[in-house]
Amino acid sequence: MSSESECVMANIGPNIGERRNVIIAMDGSDYAEGAFKWYMEHVHRADEDHALLVNIADHSHSLTHGSAWMSADPKLVEHAIREEEKKAREMEKKLETYLVETGIEGQVIIMKGDPGSTLIKLADEYNAAYIVTGTRGHGKIRRTILGSVSDYVMHHSHVPVLIYRQ
Amino acid sequence: MAEGGRKVVIGVDESSFAEEAFNFYVGNFMKEDDAVILVHTPERYNFVDANLGTPVERPAVIQELLNEIKKKLQVLEDKYQKKLQAAGVKSAKFVSKEGDPGEAIVAVAEKEKAVLIVCGTRGMGKLRRTFLGSVSDYVVHHAHCPVLVCRK
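Residues numbered from 1 in each chain as written. Chains lettered and ligands numbered in written order. Predicted model: local features only at pLDDT ≥ 70, side-chain atom pairs only at ≥ 80, totals over all residues. Heavy atoms only, no water.

**A word on the overall build of chain A**
Part 1 of the reasoning: Counting secondary structure elements, chain A contains four helices and six strands.
Part 2 of the reasoning: Reading the secondary structure of chain A in the N-to-C direction produces β-β-α-β-α-β-α-β-α-β.
Part 3 of the reasoning: Across the 166 residues in chain A, those meeting the buried criterion constitute 47%.
Part 4 of the reasoning: Restricting the contact set of chain A to residue pairs at least 6 apart, pairs at least 24 apart contribute 78%.
Part 5 of the reasoning: A total accessible area of about 9,100 Å² is found for chain A, and carbon and sulfur atoms account for 53% of it. (Helix = DSSP H or I, 4+ residues; strand = E, 2+ residues; numbered from the N terminus. Buried < 20%, exposed > 50% of the residue type's maximum accessible area, 1.4 Å probe, protein only. Contact = heavy atoms within 4.5 Å. Areas by Shrake-Rupley, 256 points an atom, 1.4 Å probe, with all protein chains shown as cover.)

Here it is in structure tokens:
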């Protein structure tokens, strides 16, 4: 499965230096917010951590506006893309306020692509100490106890994963 | 800052995976006032085999196996006692529970109202039932608190 990820980074914190990179998966859901709060209360080490608040927008659904029977209306696709980019910018602002309000050292990373594999890739790239994720996120269909992204991350991560619940 | 006395449950066995999970917790998650509860499920021997296929019971063999289990448990406890001291853990408890390791860990965490469960992804289990350890899988799906799954 290819994941073409475009990276738009808003660098908030100072140089990463010797700090420990921690990846916190944030999809804007209540679970993600809960996970971040729990991380802040129970794990965050102010003098050691560099928190990477990561939002990955999965656009795979919007690439199927066209079909074999009817080609996609370019205006529709354009509109969809603009909507998603708007959402990404809103997400970026929201995550930036988390950093500002808590005053912690970190940065916001906004990406597009398959969330699970992108998180793993980021963890490798940034040599993350561990990944923080909720049990689930925005998913509308609650088929399982563990959401598909968290499940994927848990099974494929090369570093420890903190799975936040409740 | 969180108040002192958080209860943290760590599933341990003789494997190096458990050691790594413990080390990771100490190095990255531990807080000064944490109360660490190590949960261990002794491996059960098949006592039917001890009878060597005959209808006659062999109490001596069974006794030997029971002693072996007790000895292994002591070795494990000693090992972790040293690690706990070296880590500067102020409050620690060792719980040995019969049955399925995953269920034991979750049960203890619930009873103790643990704030966090720490476990490795693989252990000593004789049966490699799944690619991801069955214990960590069970714990993640049934725990009532956050779970730190340690893998390398």
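**Some points on the packing of helix α1 (residues 16-29) of chain B against helix α3 (residues 59-87) of chain B**
Residues and elements named next belong to chain B.
Part 1 of the reasoning: Contact pair α1 / α3: the axes reach a minimum separation of 11 Å and the direction vectors enclose 15 degrees. One finds that α1 runs roughly parallel with respect to α3. As for the relative orientation of α1 and α3, their crossing is right-handed in sense. From α1, Ala 18, Glu 19, Phe 22, Asn 23 and Val 26 reach across to α3, where they touch Lys 79, Tyr 80, Lys 83, Leu 84 and Ala 87.
Part 2 of the reasoning: The residue makeup of the contact of α1 with α3, split by class, is six nonpolar, one polar and three charged. (Axes fitted to C-alpha atoms, helices over the stretch in contact; angles between N-to-C directions. Parallel < 35°, antiparallel > 145°, perpendicular 65-115°, else oblique. Left-handed = near helix turned anticlockwise from the far one by under 90°. Nonpolar A, V, L, I, M, F, W, Y, C, P; charged D, E, K, R; others polar.)

**Some details on the side chain of B:Ser136**
Part 1 of the reasoning: Within the secondary structure layout, B:Ser136 lies in helix α5 (residues 134-142).
Part 2 of the reasoning: When its relative accessible area of 1% is taken as the criterion, B:Ser136 is described as buried.

**Looking at the state of the cysteines**
Residues and elements named next belong to chain B.
Part 1 of the reasoning: A full pass over the atoms with the stated rule returns zero disulfides over all chains.
Part 2 of the reasoning: The cysteine Cys 145 is free of any disulfide, with Cys 119 supplying the nearest cysteine sulfur at 10 Å.
Part 3 of the reasoning: Just so you know, Cys 150 is unpaired, no disulfide at all, and the nearest cysteine sulfur is the one on Cys 119, 7.3 Å from it. (Disulfide = S-S within 2.5 Å.)

**Points about the interface of chain A and chain B**
Size of an interface, as often reported, equals the accessible area lost when the parts are brought together.
Part 1 of the reasoning: Counting residues at the interface gives 23 residues for chain A, matched by 25 residues for chain B.
Part 2 of the reasoning: Taking both partners together, chain A and chain B bury about 2,100 Å²; carbon and sulfur atoms supply 56% of that area.
Part 3 of the reasoning: Per-residue buried area on chain A facing chain B is highest for A:His42, A:Met154 and A:Arg165; these three make up 27% of the total on that side.
Part 4 of the reasoning: Our count for the contact surface shared by chain A and chain B stands at 13 residue pairs in polar contact (both at pLDDT 80 or more).
Part 5 of the reasoning: Those elements that place two or more of their residues in the side of chain A that touches chain B are α1 (30-43), α4 (148-156) and β6 (161-164) of chain A.
Part 6 of the reasoning: The residue makeup of the side of chain A that touches chain B, split by class, is 13 nonpolar, six polar and four charged. (Buried area = accessible area lost by both parts, 1.4 Å probe. Polar contact = N/O pair within 3.5 Å; in protein donor to acceptor, adjacent residues only side chain to side chain.)

**Focus on α1(B)**
Owing to its 3.6 residues per turn, the α-helix brings residues three or four apart onto one side.
All names here are of chain B.
Part 1 of the reasoning: In a regular helix each residue adds 1.5 Å, so 14 residues correspond to 20 Å; α1 covers 19 Å between its end C-alpha atoms and thus fits that length.
Part 2 of the reasoning: Where α1 is concerned, the buried positions are Ala 18, Ala 21, Phe 22, Phe 24, Tyr 25, Asn 28 and Phe 29. Along the axis of α1, the buried residues cluster in a sector spanning 160 degrees; they form a single face. (Expected span 1.5 Å × (residues − 1). Arc of directions from axis to C-beta.)

**Quick look at the packing of aromatic side chains**
For any pair of aromatic rings, the description rests on two quantities: the centre-to-centre distance and the angle between the ring planes.
Part 1 of the reasoning: For the structure shown, the criterion picks out seven aromatic pairs over all chains.
Part 2 of the reasoning: Consider the rings of B:Phe22 and B:Tyr80, whose centres lie 5.5 Å apart with planes at 80 degrees: the pair is edge-to-face. Linking B:Phe22 in helix α1 with B:Tyr80 in helix α3, this pair joins segments that are 58 residues apart in sequence.
Part 3 of the reasoning: With a relative accessible area of 1%, B:Phe22 lands in the buried category.
Part 4 of the reasoning: One aromatic cluster is present, built from ring pairs that chain together A:Phe36, A:Tyr39 and A:Tyr98. (Phe/Tyr/Trp six-rings, centres within 6.5 Å; stacked < 30°, edge-to-face > 60°.)

**Topic: the environment of A:Arg165**
Part 1 of the reasoning: Looking at the element boundaries, A:Arg165 is found in the segment after β6.
Part 2 of the reasoning: What makes A:Arg165 buried here is its relative accessible area of 10%.
Part 3 of the reasoning: Every residue in contact with A:Arg165, bar those within four places of it in the chain, is listed here: A:Thr135, A:Ile145, B:Val140, B:His141, B:Ala143, B:His144, B:Cys145, B:Pro146 and B:Val147.
Part 4 of the reasoning: Within the structure, the side chain of A:Arg165 is placed 3.0 Å from the backbone oxygen of B:Ala143, a separation counted as a polar contact.

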